Amino acid sequence: MAEVESPLIPDSTINATLNDTEAAAAAAGTKFVATPEGSAVAYGSLVVMALLPIFFGALRSVSCAKSKNSSDMPETITSRDAARFPIIASCTLFGLYLFFKIFSQEYINLLLSMYFFILGILALSHTLSPAMNKVIPANLPNKQYQLLFTQGTGETKEEIVNYEFDTKDLVCLAFSSVVGVWYLLKKHWIANNLFGLAFALNGVELLHLNNVSTGCILLGGLFIYDVFWVFGTNVMVTVAKSFEAPIKLVFPQDLLEKGLAADNFAMLGLGDIVIPGIFIALLLRFDVSLKKNSRTYFYTSFFAYVFGLGLTIYVMHTFKHAQPALLYLVPACIGFPVVVALLKGELTEMFRYEEKTALCDKELLDEATDDLKESKKEQ
């Protein structure tokens with residue numbers, strides 16, 4: 001089996017299984033070599049796709065805490081959660097490694113495909129919902145529905161599921177289901193990317209760090225996790241070769257030669273998007289809390305992400321070896337905003353910022369929502 005190394009994956013360093021033609025080429029001792037144009041298109045597209053969920057997810061994260069729908073409420077990550085996360089991630093990764101070593105890869109991936117099929121439909125539907133509200137004419141009937149599942153009766157009745165939705169949500173769900181069936185049957189890279197973008201945007205929007213210190217703990221811990229499992233063992237490589245799920249963005253390096261049927265991919269793991277993304281989103285909410293009508297820390301961290309991702313690609317091409325992206329993204333995303341805060345004399349204020357107290361301020365939430373609407377009008 002031929003393999004194409006990719007520099008952009010925190011969870012692996014090589015790409016998915018290639019097709020039968022490439023496997024035959026591998027048996028003959030040949031290996032696919034991307035053209036400079038093909039590589040530029042692939043890596044440029046990955047960078048753009050990575051920036052989209054971070055930018056729009058951060059904007060949507062500002063107002064999601066105001067939502068009355070429990071399914072849209074953010075999940076707050078505390079310092080304790082952040083400290084435990086690399087340990088939990090390591091146990092999960094090693095558990096998958098053992099599973100793939102002991103059990104049949106085919107059956108495990110079948111279960112994973114069904115699991116991500118359902119999650120992908122829900123994530124893509126949630127992602128498309130705001131846009132659908134603008135696309136569908138306002139004069140069309142929009143009926144309201146409620147899915148309620150309870151346990152017990154009378155005073156002991158307890159709500160298990162209470163989900164409210166409307167006709168527009170059903171349209172989003174129908175479209176997402178078509179993409180889901182496409183992915184399930186064909187595993188096409190475009191369907192994979194649609195699900196991957198939806199997962200990333202929802203992660204940035206709905207996962208909230210409670211303060212900057214927590215963000216530093218989380219990014220620092222995953223920095224060590226990433227470097228250890230990529231360079232210290234073959235566990236990540238083995239899992240990545242066996243794992244088939246939309247947990248990464250992919251783009252073919254042979255698109256110019258084969259079109260949509262291209263199958264030699266460069267990849268970017270969703271962890272390289274969501275983990276820095278939730279930190280960047282936190283800094284946007286910190287900008288809002290300052291009430292200075294500026295987005296200095298957001299744009300600084302956003303630029304730092306672009307710089308870190310570009311540096312990853314540069315190092316990969318220089319040393320001809322796959323690189324874990326968090327190795328470069330974490331120092332950039334933390335270091336750039338901290339330097340700016342030092343220069344502006346706001347470092348103490350940055351580290352004292354608490355998500356809970358800020359988001360409980362109704363006036364602040366209203367202002368954030370207005371800023372979000374203005375930003376969307378300017379786009």
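Keep in mind the model is a prediction, meaning the values are calculated, not measured.

Q: Residues and numbers for the packing of helix α2 (residues 36–64) against helix α11 (residues 296–319), please.
A: For the pair α2 and α11, the least separation of the axes is 11 Å and the interaxial angle reads 160°. Taken as axis vectors, α2 and α11 run roughly antiparallel relative to one another. In this structure, the crossing between α2 and α11 has a hand that is right-handed. On α11, the residues touching Tyr43, Val47, Ala50, Leu51, Ile54, Phe55 and Ala58 of α2 are Phe298, Phe302, Tyr305, Val306, Leu309, Ile313, Met316 and His317. Broken down by class, the residue content of the contact of α2 with α11 amounts to 14 nonpolar, one polar and no charged.

Q: Give me the lowdown on unusual backbone geometry, citing residues and values where you can.
A: Of note in this structure, Lys291 is not a glycine but carries a positive phi near 55°. Relative to the helices and strands, Lys291 resides in the loop between α10 (271–290) and α11. Within the chain, Asn293 stands out as a residue other than glycine whose phi angle is a positive 55°. Position of Asn293 among the secondary structure elements: in the loop between α10 and α11.

Q: Account for the environment of Val274, naming residues and giving values.
A: Mapping Val274 onto the fold places it in helix α10. Residues Val274 and Asn202, spaced 72 residues apart in sequence, show a C-alpha to C-alpha distance of 8.9 Å.

Q: Quick one: what's the story with the environment of His208, residue by residue and with numbers?
A: Relative to the elements of secondary structure, His208 occurs in strand β4 (residues 207–209). At 3.0 Å, the side chain of His208 forms a polar contact with the backbone oxygen of Glu205.

Q: Talk me through the side chain of Asn210; I want residue IDs and the actual numbers.
A: Inspection of the secondary structure assignment puts Asn210 in the loop between β4 and α7 (212–232). For Asn210, the side chain forms a polar contact with the side chain of Asn211, separated by 3.5 Å. Beyond its immediate chain neighbours, meaning those up to four positions away, Asn210 contacts Thr76, Ile77, Thr78, Ser79, Tyr353, Glu354 and Glu355.

What counts, and where the lines are drawn
Residues numbered from 1 in each chain as written. Predicted model: local features only at pLDDT ≥ 70, side-chain atom pairs only at ≥ 80, totals over all residues. Heavy atoms only, no water. Axes fitted to C-alpha atoms, helices over the stretch in contact; angles between N-to-C directions. Helix = DSSP H or I, 4+ residues; strand = E, 2+ residues; numbered from the N terminus. Parallel < 35°, antiparallel > 145°, perpendicular 65-115°, else oblique. Left-handed = near helix turned anticlockwise from the far one by under 90°. Contact = heavy atoms within 4.5 Å. Nonpolar A, V, L, I, M, F, W, Y, C, P; charged D, E, K, R; others polar. Polar contact = N/O pair within 3.5 Å; in protein donor to acceptor, adjacent residues only side chain to side chain.

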